[in-house]
Amino acid sequence: MLDAVTGRYRSSQDSIAEFSSVRQALEPFIQRLLVDGSAKVQAAAMQLSRKYDLLPSHEILVRLIKQETTDESVRIAALQAMADEKGVISN
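In this text, all values refer to a predicted model and were calculated from it rather than measured experimentally. (Residues numbered from 1 in each chain as written. Predicted model: local features only at pLDDT ≥ 70, side-chain atom pairs only at ≥ 80, totals over all residues. Heavy atoms only, no water.)

Draft legend 1. Local environment of the packing of helix H4 (residues 58-66) against helix H5 (residues 72-86). One can describe the packing of H4 onto H5 by two numbers: an axis separation of 8 Å at closest approach and a directional angle of 145°. The way H4 lies across H5 gives a crossing that is left-handed. Across the interface between the two elements, His58, Leu61, Val62, Leu64, Ile65 and Lys66 from H4 touch Val74, Arg75, Ala78, Leu79, Ala81, Met82, Glu85 and Lys86 from H5. Among the residues forming the contact of H4 with H5, the class breakdown is 9 nonpolar, 1 polar and 4 charged. (Axes fitted to C-alpha atoms, helices over the stretch in contact; angles between N-to-C directions. Helix = DSSP H or I, 4+ residues; strand = E, 2+ residues; numbered from the N terminus. Left-handed = near helix turned anticlockwise from the far one by under 90°. Contact = heavy atoms within 4.5 Å. Nonpolar A, V, L, I, M, F, W, Y, C, P; charged D, E, K, R; others polar.)

Draft legend 2. Just a nonpolar patch on the surface, in detail. Together, Phe29, Leu33 and Val41 line one region of the surface with nonpolar side chains, adding up to about 230 Å² of accessible area. If you trace the backbone, Val41 turns up in helix H3 (residues 39-51). Take Val41: its relative accessible area is 34%, and that puts it in the partly exposed class. (Patch = residues over 30% accessible without salt bridge, like charges linked within 9 Å, V, L, I, M, F, W, Y side chains within 5 Å. Areas by Shrake-Rupley, 256 points an atom, 1.4 Å probe, with all protein chains shown as cover. Salt bridge = Lys/Arg side-chain N within 4 Å of Asp/Glu carboxyl O. Buried < 20%, exposed > 50% of the residue type's maximum accessible area, 1.4 Å probe, protein only.)

Draft legend 3. Quick look at H4. Those residues of H4 that sit buried are Ile60, Leu61, Leu64 and Ile65. End-on, the buried residues of H4 take up no more than an arc of 135°, which puts them together on one face. Facing away from the buried side of H4 by more than 90 degrees, the exposed set consists of Glu59 and Lys66. (Arc of directions from axis to C-beta.)

Draft legend 4. How the structure looks around H5. Between its first and last C-alpha atoms H5 spans 21 Å; for 15 residues at 1.5 Å apiece the expected length is 21 Å, and the two agree. Among all positions in H5, only Val74, Ala77, Ala78, Ala81, Met82 and Ala83 are buried. Elements that come into contact with the buried residues of H5 comprise H3 and H4. (Expected span 1.5 Å × (residues − 1).)

Draft legend 5. Spotlight on the nonpolar core. Counting 17 residues, the largest nonpolar core has Leu34, Met46, Leu54, Leu61, Leu64 and Ala78 as its most contacted members. Of all elements in the fold, only helix H2 (30-36), H3, H4 and H5 reach the threshold of two or more residues within this core. By residue number, the principal contributor to this core is H5, which donates 5 residues. Excluding its chain neighbours within four sequence positions, the residues that come into contact with Met46 are Leu34, Pro56, Leu61, Leu64, Val74, Ala77 and Ala78. (Core = buried A, V, L, I, M, F, W, Y, C linked by side-chain atoms within 4.5 Å.)

See below:
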């Protein structure tokens with residue numbers, strides 16, 4: 001795999017280790033970012049949660065879907081995450 005920043009090739013072990021460390025760094029904060037953040041922060045947090053397989057709690061997903069002030073893209077992503085959780089769809 002080619003590293004987009006350095007331009008060097010990385011082994012899959014490096015990628016797995018990077019994925020794991022990013023996931024561990026995000027995990028304590030992702031729920032709070034989805035609840036307390038601005039629309040842009042919520043959208044980015046939702047994208048990161050899906051990319052790094054950090055499914056938000058069911059309660060947060062429901063809250064994001066029901067909340068009328070939530071950005072449309074975040075509501076859609078929350079619906080997709082809920083469907084993934086239930087095994088209805090997969091990417």
